[in-house]
Amino acid sequence: MQKLLVFTDIHFTPHGETIIGLDPEARFAEGLAHAVERHPDAAHLLITGDLAHSGAVGEYERLQNALQDCPIPVHLMLGNHDDRQNFLHVFPDTPKTEAGFIQDVIDLGDHTRLILLDTLNENTPGRHNGRLCQNRLDWLTTALSDANERQVLLFMHHPPTRSGFPGMDAIGLLDVEAFSEVLRNYSNVRQIIAGHVHRTIHGAFRCGILQQIPVTVFKSTCHQMPMNLIVEHSDLSVDEPGAYGILLVEKEEIVVHTEDFTL
């Protein structure tokens, strides 16, 4: 059984700036130290987007510095608060597609394939929504086809399911039906992992009459969405425990844990 660590929505800010009084860099450092100490056997550490709060080069440089001594292989993804060009300026060796999207495939032996998707909807009105354009979906189709007999775990910033928070659902993934059309052609997708909502959520994504894929959304390492299913705002934040996810993966079995590291 292989272990994966999943962080999301770390929201690095410029030096001295906080979010509702919380220092995102300090909270991430605390979570990373906690994870490395308790899970040194982890095979990979994935950070599923919103690496930076405003997408500035300096924010990515602070993240680069925070990761320099991490003994676990790190894979970075983008979310709606990120800037693709500034990110690549600081992390130029990050795998990307021919079209420049930050997408990658990681195979765990011959039994599991991790597919990392780029849902950043950049340089368009309403950019906080997620986007999976045809180019990204075509790449996904190839990655799924090439998985052969491997089970697949999909990682993305924007979840394909609604959360029940009106403000967050208003800035959710725009291309849900097109995404569903791709997935319904494959029976090997076992789990979808996402962030964006700043809350631990479990559900299922229905992409066919008899096909449902489990979905897990992990909390942020920093600030969380308050449990308010009525207010129609996406910028609500509360100081609740920071967390990261732990996946235990082997052939035909996936176990999902979440660790509130600040408790």
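Refer to the preceding data block for the structure.
Being a predicted model, the structure only gives us computed values, none of them experimental.

Calculation criteria
- Residues numbered from 1 in each chain as written.
- Predicted model: local features only at pLDDT ≥ 70, side-chain atom pairs only at ≥ 80, totals over all residues.
- Heavy atoms only, no water.
- 1 Å grid on protein atoms, 1.4 Å probe; cavity = no way out; pocket = protein on both sides within 12 Å on 5 of 7 lines; lining within 4 Å.
- Points joined across faces, edges and corners; volume = space filled by probe spheres on them.
- Nonpolar A, V, L, I, M, F, W, Y, C, P; charged D, E, K, R; others polar.
- Pairing = 2+ DSSP bridges.
- Helix = DSSP H or I, 4+ residues; strand = E, 2+ residues; numbered from the N terminus.
- Axes fitted to C-alpha atoms, helices over the stretch in contact; angles between N-to-C directions.
- Buried < 20%, exposed > 50% of the residue type's maximum accessible area, 1.4 Å probe, protein only.
- Arc of directions from axis to C-beta.
- Contact = heavy atoms within 4.5 Å.

**Q** Just to check I follow, could you spell out the layout of surface pockets for this structure?
**A** In this approach a probe as big as a water molecule rolls over the atoms, and the regions it shows empty are the leftover space. The calculated volume of the largest pocket comes to roughly 260 Å³. His 81, His 198, His 223, Ser 234 and Asp 235 are, among the 19 residues lining the largest pocket, the residues nearest its centre. Tallied by class, the residues present in the lining of the largest pocket amount to seven nonpolar, 10 polar and two charged. Within this model, the second largest pocket holds a volume of roughly 210 Å³.

**Q** Would you mind going over the sheet that holds strand S10 (residues 243-250) with me for this structure?
**A** Across a sheet, strands are paired by hydrogen bonds formed along the backbone, either parallel or antiparallel in direction. Read across the sheet, five strands follow the order S3-S2-S1-S10-S11 without closing on themselves; strand pairing throughout is mixed. Each end of this open sheet is capped by a strand with a single partner; those strands are strand S3 (74-77) and strand S11 (253-260). Averaged over all neighbouring strand pairs, the angle between strand axes comes to 20°, with direction disregarded. Taken together, the eight bridges between S10 and S11 define a ladder with antiparallel strand orientation. Along S11, the bridge assignment pairs Val 249 with Ile 254.

**Q** Just checking my understanding: could you explain helix H2 (residues 57-67) for this structure?
**A** Owing to its 3.6 residues per turn, the α-helix brings residues three or four apart onto one side. Buried residues of H2: Glu 59, Tyr 60, Arg 62, Leu 63 and Leu 67, and no others. Along the axis of H2, the buried positions cluster into a sector of 155°, meaning they face one direction only. Contacts made by the buried residues of H2 are with helix H1 (24-38), strand S2 (44-48), S3 and helix H3 (84-90).

Keep in mind that these numbers describe shape and distance, not what the molecule does.
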